[in-house]
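# Summary of the model geometry
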2 protein chains.
Amino acid sequence: MKDKPLILISNDDGYHAKGINSLIDMLRGMGDIIVCAPESARSGYSCAFSTTPLSLKHRRHEDCDGCSIDVWSCSGTPVDCLKMAYAKVCPRKADIVLSGINHGDNASTNAHYSGTVGVVIEGALKGIPSIAFSLCDYDDDADFSHMEPLVKQLVTKVLNEGLPEYVCLNVNVPKGGSDEVRVCRMARGHWRNEVETQHHPGNGKPLYWMCGYYQNDEPDAEDTDAWALAHGFTAITPLTADMTAKWEFKV
Amino acid sequence: MKDKPLILISNDDGYHAKGINSLIDMLRGMGDIIVCAPESARSGYSCAFSTTPLSLKHRRHEDCDGCSIDVWSCSGTPVDCLKMAYAKVCPRKADIVLSGINHGDNASTNAHYSGTVGVVIEGALKGIPSIAFSLCDYDDDADFSHMEPLVKQLVTKVLNEGLPEYVCLNVNVPKGGSDEVRVCRMARGHWRNEVETQHHPGNGKPLYWMCGYYQNDEPDAEDTDAWALAHGFTAITPLTADMTAKWEFKV
């Protein structure tokens, strides 16, 4: 590990969220920290980037134990934030990319929709070891403090050892924390009753909301992240940014 | 293959785009067609879904060779469109999901950002065999007609044989077409000079655009989609919606 690593952080809940600020606090003194996160909540943004012009604002600077903390916000998506920080803010290639801590779970196939996970896919595509952290608690005032030992342990380990090319980690922690960590695969499942209809209070026209509930298609599979979380374990799911299916297709 | 399969189509260029309308025309008479596509261009939306309320509009109905064509538009993302059609429009589970034909290439790691590919990831998560079609021509008036034999062949084959669970196809065709098809893996590469700065013409404040150029990190790898396209071949890249990395992580 470098004496003073450069830690690049983003999220999808916005730069003001308690989760990202808890993460910053946990890492004080471990390296120079650059945060570039959305101006407002950007949940469900996946790996989306913007085709419209974006703004970037410096929000605060702090010196802490010989390390600096700089917080920026960007008007774009989580992936825009990472691209922006990489191109316009970081003095050199970051040693690690962190995302979160997300308010709410990003396990199973829901990782596809997650802006939190989008950030670490982008980090992996840029060749930077990347970890996404999520806590299964959607409360704006959720308590993240119990995650500090896990966060420090994983960040130190990944700074020291790196990750294989194109691999990133998706870490999900049960509400209230857990004593045991499991390395998992992505659980398979799908959404039911996804679209809820309401009517506009003024003109009465139908409006549709993405809602519903997630059904785990393999609830008994003990090697999955969804199973681990349902049974009180922290789930670490290594994800790959190489989506090629290992399957021989004959035209 | 069923006598009259149900074909569900979306894209990220919008329901009015030439590419999706060319695709509809190629499939006339092959089954009942339901289109649900964005109201306007939604490039770069990946697997994003909306947390805001959406509208849905029926645009046209047509009867053709004993089959029906119904075109809907939705104010949301490409993935919203698929979820909306699945929940609110389709009379039963579709037999196949198609996306595109996209105006422009969606090969290599750029598949992560693509709304066209987002649609087929969503299709695969729903257990529906899904194919994304893209032509390496960004022109609004691009000529898609040479793709008709390939589209018909692949749609027929996948309707007959299906695809493995969680696997979808990402098909990219060189501008002007090609005589040979290659089954490929996703090329690895990354964006350079991603952020371009301009200044607001009124207030002079900086504005940032996602731009740059894509660098293929393995230009000589003949098994990749980027290589195939660069050498005039059509590239079929089977993608998996299971992002689990095949790598043993020890905590």
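In this text, all values refer to a predicted model and were calculated from it rather than measured experimentally.

Analysis parameters
- The residue numbering used here restarts from 1 in each chain and proceeds along that chain's sequence as written.
- Written order decides the labels, with chains lettered from A and ligands numbered from 1.
- Thresholds applied to this predicted model are a pLDDT of at least 70 for local features of residues and 80 or more for the giving and counting of side-chain atom pairs; totals over whole chains, interfaces and linings are not thresholded and use all residues.
- Remark: hydrogens and water are excluded; side-chain values derive from all non-hydrogen atoms of the structure.
- For helices the rule is a DSSP run of H or I covering at least 4 residues; for strands it is a run of E covering at least 2, with both sets numbered from the N terminus onward.
- The quantity called the radius of gyration is restricted to C-alpha atoms. Its globule counterpart is 2.2 Å times the number of residues to the power 0.38.
- Three exposure classes are used, based on accessible area relative to the maximum for each residue type with a 1.4 Å probe and protein chains only: buried under 20%, partly exposed in between, and exposed over 50%.
- Note on contacts: a residue pair qualifies if any of its non-hydrogen atoms lie within 4.5 Å across the two residues.
- Accessible surface area values rest on a Shrake-Rupley calculation with a 1.4 Å probe, where residue burial reflects the displayed protein chains alone.
- In this charge count, Lys and Arg are treated as positive and Asp and Glu as negative; neither His nor the chain ends contribute.
- Taken as the charge centre is NZ of Lys, CZ of Arg, CG of Asp or CD of Glu, depending on the residue.
- These domain boundaries are the output of an automatic or database domain assignment.
- A simple way to read buried area is as the amount of 1.4 Å-probe accessible surface that goes missing from two parts once joined, with both sides added.
- Salt bridge, as applied in this entry: a Lys or Arg side-chain nitrogen positioned within 4 Å of an Asp or Glu carboxyl oxygen.
- We call two N or O atoms a polar contact when they sit within 3.5 Å, provided that within protein one can donate a hydrogen and the other can accept it, with sequence-adjacent residues counted only if both atoms are side-chain atoms.
- Ten residues, namely Ala, Val, Leu, Ile, Met, Phe, Trp, Tyr, Cys and Pro, are considered nonpolar, four, namely Asp, Glu, Lys and Arg, are considered charged, and the remaining ones, Gly among them, are considered polar.
- Here the copies are matched by least squares. The fit uses the C-alpha atoms of residues with pLDDT of at least 70 in both.
- Pairs of strands are assigned from DSSP output, requiring at least two bridges between the strands.
- Angles run from 0 to 180 degrees between N-to-C directions of axes, and those axes are lines fitted to C-alpha atoms, restricted for helices to the stretch in contact.

## Structural notes on the overall build of chain A
Tallying secondary structure elements over chain A gives 5 helices and 13 strands in all. On C-alpha atoms alone, chain A measures out to a radius of gyration of 18 Å, which is about the 18 Å that the 2.2 N^0.38 rule sets for 251 residues. When burial is assessed residue by residue, chain A has 59% of its 251 residues classed as buried. Long-range pairs, those at least 24 residues apart, make up 75% of the contacts in chain A between residues at least 6 apart in sequence. About 9800 Å² of surface is accessible on chain A, with carbon and sulfur atoms providing 47% of the total. Looking at chain A, you have 23 positive and 34 negative side-chain charges, and the mean spots of the two groups are 7 Å apart.

## Regarding the domain arrangement of chain A
When the parts of a complex come together, some accessible area is lost, and that lost area is often used as the size of the interface. All names here are of chain A. Partitioning chain A into structural domains gives domain 1 (6-182 + 222-240) and domain 2 (189-216). On a C-alpha basis, the centroid separation for the pair domain 1 and domain 2 is 29 Å. The partner domain 2 presents 4 residues to the 5 residues of domain 1 that form the contact. Summed over both sides, the interface of domain 1 with domain 2 buries roughly 330 Å², with 39% coming from carbon and sulfur. Per-residue buried area on domain 1 facing domain 2 is highest for Thr 109, Asn 110 and Ala 226; these three make up 71% of the total on that side. Linking domain 1 with domain 2 are 0 salt bridges, by the criterion used here. Our enumeration of links across domain 1 and domain 2 arrives at 4 residue pairs in polar contact (both at pLDDT 80 or more). For the side of domain 1 that touches domain 2, the residue count by class is 2 nonpolar, 3 polar and no charged.

## Focus: the relation of the copies chain A and chain B
Between chain A and chain B, the superposition needs a rotation of 180° and an axial shift of 0.0 Å, giving an RMSD of 0.0 Å. Taken together, the turn and the small shift mark the pair as related by a two-fold rotation axis. A shared binding surface is used by both copies, with 100% of the interface residues of chain A retained as interface residues in chain B.

## So, the interface of chain A and chain B
At the interface, 66 residues of chain A touch 66 residues of chain B. Together chain A and chain B conceal approximately 6200 Å² of surface at their shared face, both sides included; 67% is due to carbon and sulfur atoms. Where chain A meets chain B, there are 8 salt bridges. Between Lys 83 of chain A and Glu 194 of chain B there is a salt bridge; the shortest N-O distance is 2.4 Å. Inspection of the chain A/chain B interface yields 33 residue pairs in polar contact (both at pLDDT 80 or more). Residues belonging to the side of chain A that touches chain B are distributed by class as follows: 39 nonpolar, 15 polar and 12 charged.

## A word on the sheet that holds strand E8 (residues 181-183) of chain B
Residues and elements named next belong to chain B. Ordered in space as E3-E4-E2-E1-E5-E6-E7-E13-E8, the 9 strands form an open sheet in which the pairing is mixed. Because the sheet does not close on itself, it has two edges, and the strands there are strand E3 (56-64) and E8. Taken over all neighbouring pairs, the strand axes of this sheet differ in orientation by 20° on average, direction set aside. Packed on one face of the sheet, helix H1 (residues 18-26) meets strand E1 (6-10), strand E2 (32-38), E3, strand E4 (67-74), strand E5 (96-103) and strand E6 (130-135) and runs near 135° to E5.

## Regarding the sheet that holds strand E1 (residues 6-10) of chain A
All names here are of chain A. Strand order across the open sheet formed by 9 strands is E3-E4-E2-E1-E5-E6-E7-E13-E8, with mixed pairing between neighbours. Of all strands in the sheet, those with a lone pairing partner are strand E3 (56-64) and strand E8 (181-183), marking the two edges. Taken pair by pair, the neighbouring strands of this sheet meet at an average axis angle of 20°, ignoring direction. As paired strands, E3 and strand E4 (residues 67-74) are joined by 8 bridges and run antiparallel to one another. The partner of His 58 across the bridge, within E4, is Trp 72.

## Brief notes about the pattern of salt bridges
Under the criterion given, the structure shown has 36 salt bridges over all chains. What emerges from the salt-bridge pattern is a single network uniting Asp 25, Arg 28, Arg 60 and Glu 62 of chain A.

## Quick look at helix H2 (residues 78-89) of chain A
Across the 12 residues that make up H2 of chain A, a large majority, 9, are buried. All buried positions along H2 of chain A are accounted for by Pro 78, Val 79, Asp 80, Cys 81, Leu 82, Lys 83, Met 84, Ala 85 and Val 89 of chain A.

## Observations concerning helix H3 (residues 115-125) of chain A
Residues and elements named next belong to chain A. Of all 11 residues in H3, 11 are buried; the element is thus mostly enclosed. Structurally, the start of H3 carries an N-cap: the backbone nitrogen of Thr 116 is 3.1 Å from a side-chain oxygen of Ser 114. Just downstream of H3, Gly 127 is the residue with a positive phi angle, here 75°.

## As for the side chain of Asn 102 of chain B
Residue and element names in this part refer to chain B. Locating Asn 102 in the fold gives a position in strand E5. On the basis of relative accessibility, which here comes to 6%, the residue Asn 102 falls in the buried class. In terms of polar contacts, Asn 102 uses its side chain to reach the backbone carbonyl oxygen of Gly 104, at 2.8 Å. For Asn 102, the residues in contact, after removing those within four places along its chain, are Asp 12, Asp 13, Thr 116, Phe 133, Ser 134, Leu 135 and Phe 144.

## Description of the pairing of strand E7 (residues 167-173) of chain B
Residues and elements named next belong to chain B. When you tally the buried positions in E7, you get 7 out of 7 residues, the bulk of the element. Relative to E7, E6 runs parallel, the two sharing 5 bridges. When the bridges of E7 are listed, Phe 133 appears paired with Val 171. In this sheet, strand E13 (residues 234-240) lies alongside E7 in antiparallel orientation, the contact comprising 6 bridges.

## Quick notes on the environment of Ile 33 of chain B
Residues and elements named next belong to chain B. Position of Ile 33 among the secondary structure elements: in strand E2. Sequence spacing of Ile 33 and Lys 83 is 50 residues, and the spatial spacing of their C-alpha atoms is 16 Å. Ignoring sequence-local partners within four residues, the contact set of Ile 33 consists of Ile 7, Ile 9, Ile 24, Leu 27, Arg 28, Ser 68, Ile 69 and Asp 70.

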